[in-house]
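Structural overview
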Amino acid sequence: MTDTAIQSQIATIKNATKKALLSKESAIKFLSDAGILKSKKTDKKRGK
């Protein structure tokens, strides 16, 4: 991978992070979409 490609990916990640941190709801959606955070609705369906 070239330095240019790496820098482009880093910039993309930074922009996505900025957007995700605009509000609590957007942060939760971002983490849920990424599979990092499981929503309470999902946990209830699984009996937790």
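Given the structure is predicted, the values throughout are model-derived calculations rather than measurements.

1. Overview of the overall build of the chain
The secondary structure content of the chain amounts to 3 helices and 0 strands. Starting at the N terminus and walking to the C terminus, you meet the elements of the chain as α-α-α. Burial statistics for the chain: of 48 residues in total, 4% are counted as buried. Carbon and sulfur atoms form 60% of the exposed surface of the chain, whose accessible area is close to 4,500 Å².

2. A closer look at the environment of Lys 19
Inspection of the secondary structure puts Lys 19 in helix α1 (residues 3–20). The spacing of Lys 19 and Phe 30 is 11 residues in sequence and 9.0 Å in space, taken between C-alpha atoms.

3. Focus on the pattern of salt bridges
Opposite charge on two side chains lets them pair, provided their charged atoms get close. Taken as a whole and judged by the stated rule, the model has 1 salt bridge. Residues Asp 33 and Lys 29 are paired through a salt bridge, measuring 2.6 Å at the closest nitrogen-oxygen approach. Of this pair, Asp 33 and Lys 29 both sit in helix α2 (residues 24–33), separated by 4 residues, roughly a single helical turn. Lys 29 matches Asp 33 in its accessibility class, with the two residues each being exposed.

4. Things to note about the confidence of the model for the chain
Mean pLDDT over the chain works out to 85, with 79% of the residues at or above the 70 mark. For the chain, the element scoring lowest by mean pLDDT is helix α3 (residues 40–45), at 57; α1 scores highest, at 95.

Conventions adopted
- Residues numbered from 1 in each chain as written.
- Predicted model: local features only at pLDDT ≥ 70, side-chain atom pairs only at ≥ 80, totals over all residues.
- Heavy atoms only, no water.
- Helix = DSSP H or I, 4+ residues; strand = E, 2+ residues; numbered from the N terminus.
- Buried < 20%, exposed > 50% of the residue type's maximum accessible area, 1.4 Å probe, protein only.
- Areas by Shrake-Rupley, 256 points an atom, 1.4 Å probe, with all protein chains shown as cover.
- Salt bridge = Lys/Arg side-chain N within 4 Å of Asp/Glu carboxyl O.
- pLDDT = per-residue confidence, 0-100.

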